[in-house]
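# Remarks on the overall topology
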Amino acid sequence: MRRVALLGATGSIGRQAIEVVERNPELELCGLASGSTPLERIAAEHGVEHFQVGGDLTELLEAAEPDVVLNAVVGFAGIRATLWALEHGVTLALANKESLVAAGELALRAHERGGGLLLPVDSEHSAVFQCLEGRRRETVESLVLTASGGPFRGRTRDELGAVTVADALAHPTWAMGPKITVDSATLANKGLELLEAHVLFGVPYERIEVVVHPASLVHSLVRFRDGAMLAHVGHPDMTVPISFALTYPERAATEVPQLDLAAGVTLEFSAPDLETFPALALARRAGEAGGTFPCAFNAANEVAVDAFLHAGLPFLAIGETIEAALGAVDGAPAHDLDELLEADADARRAARAALAERGVVLA
Ligand SMILES: NC(=O)c1ccc[n+]([C@@H]2O[C@H](COP(=O)([O-])OP(=O)(O)OC[C@H]3O[C@@H](n4cnc5c(N)ncnc54)[C@H](OP(=O)(O)O)[C@@H]3O)[C@@H](O)[C@H]2O)c1
């Protein structure tokens, strides 16, 4: 039996994870967390004693004694849980990319001390992880992250001036929570994934490419020095990476259908439009600058997306807000969690100041 603490149990990843657990007799839920949604019903259905709504999730983790923490919280709020699992050597199945992006070095040091498994749930990183398994580091030429391009792929900046929240939430291939769906529309999600890939796999930024692949069938690729590429291919369904991480290394069966190649599958790839979607280039710059710039990128993006969803910030102003915040912080490295929390708060203040200049105020 593998005891799973599911953080973000009421979200898109959380609900799919519950289905994976329900179908697998070797998995049981031992802890549940959400931000504000009550958990009594899910806890009762699954006989879970430990559950928590909001607050410091490490208290829940201490009580629940999990073998695996599936961190599917959205945003920086997942940071303490990520660091707790890494520090304690408890397997971390990580969907909450924001925490790894923000924590960077701190997370890697905690992982080294804890010595547990860090298994990505993001489909791209799960794909890269699988393509890299058993390969020697020096044989790897580069990583290639694929991006669907989101609902606004192919549009120019002029055409994005008046897009609405509903337009941005209409993702063509993935059904996800609202924050990551907006991030997919701005390509900030691919920016976060670029930063996440650098932390997870230790590959320098100049050897991590991003290509647009609208069908989302190739989840990512790895290029090797002999000219070969390995790709991870299948239907876009988060059940697969969730199940892979929760049952690693067994790779339990799922009900996701096999891709029917003979029915005709066409794979298209192209370069991302960095001018129309500047968030991806801003993330790369933040990563190359290092220190707490990736943390600031994430914080400013969270504030800007919140303002887009709830306070009328225009879509194109999301990237501009991130850029303004990155220009206003010093990006000095964080030596501990307190310093990281400070860097996060600084970037949020800078982003709010940029919003205030436009007359946008967040509740
Ligand atoms: N959805 C996908 O297909 C997908 C794919 C790859 C990666 N991811 C990543 O997975 C994470 C979750 O995404 P999602 O799409 O599942 O988001 P979502 O549907 O918005 O769900 C977010 C979950 O986090 C919980 N939460 C929010 N703040 C919290 C807090 N302070 N403490 C505890 N729980 C909190 C929410 O609880 P409430 O219900 O109470 O708000 C909800 O259960 C994100 O980091 C995202 O980037 C998602």
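For the structure, see preceding data.
Below or above, wherever it landed, is the structure these notes cover. Note that the coordinates shown come from a computational prediction; the quantities given were computed from them, not determined experimentally.

How each quantity is defined
- Residues numbered from 1 in each chain as written.
- Predicted model: local features only at pLDDT ≥ 70, side-chain atom pairs only at ≥ 80, totals over all residues.
- Heavy atoms only, no water.
- Phe/Tyr/Trp six-rings, centres within 6.5 Å; stacked < 30°, edge-to-face > 60°.
- Helix = DSSP H or I, 4+ residues; strand = E, 2+ residues; numbered from the N terminus.
- Buried < 20%, exposed > 50% of the residue type's maximum accessible area, 1.4 Å probe, protein only.
- Arc of directions from axis to C-beta.
- Contact = heavy atoms within 4.5 Å.
- Near = heavy atom within 4 Å.
- Polar contact = N/O pair within 3.5 Å; in protein donor to acceptor, adjacent residues only side chain to side chain.
- Areas by Shrake-Rupley, 256 points an atom, 1.4 Å probe, with all protein chains shown as cover.

### Some details on the packing of aromatic side chains
Tallying each qualifying case throughout the model produces 5 aromatic pairs. For the pair F152 and F315, a centre-to-centre distance of 5.0 Å together with 85° between the ring planes defines the contact as edge-to-face. Of this pair, F152 sits in the loop between strand 7 (140–147) and helix 8 (165–168) while F315 sits in the loop between helix 13 (293–310) and helix 14 (317–328); the two residues are 163 residues apart in sequence, bridging distant segments of the chain. Across the pair, F315 and F152 agree in class, each one buried. Taking the centre distance of 5.5 Å and the plane angle of 65° together, the rings of F244 and Y248 count as edge-to-face. What makes F244 buried here is its relative accessible area of 7%. Using a relative accessible area of 16% as the deciding quantity, one classes Y248 as buried. Members of the aromatic cluster, connected to one another through ring pairs, are F129, F244 and Y248.

### Some details on helix 12 (residues 279–289)
For helix 12, the complete set of buried residues consists of A279, L280, L282, A283, A286 and G287. The buried residues of helix 12 all sit within an arc of 160° when viewed along its axis, so they share a single face. Buried residues along helix 12 sit against helix 9 (178–186), helix 10 (188–201), strand 8 (208–212), helix 13 and helix 14.

### Structural notes on the site of the ligand
As a matter of local geometry, the ligand sits amid 25 residues, with T10, S36, T37, E98 and G177 nearest to it. At a separation of 2.5 Å, an oxygen atom of the ligand approaches a polar backbone atom of S36. The backbone of A95 places a nitrogen or oxygen atom 3.4 Å from an oxygen atom of the ligand. With the chains in place, 86% of the 900 Å² that the ligand exposes on its own is no longer accessible. Of all the secondary-structure elements, those providing two or more residues to the shell around the ligand are helix 1 (12–23), helix 5 (97–103) and helix 9.

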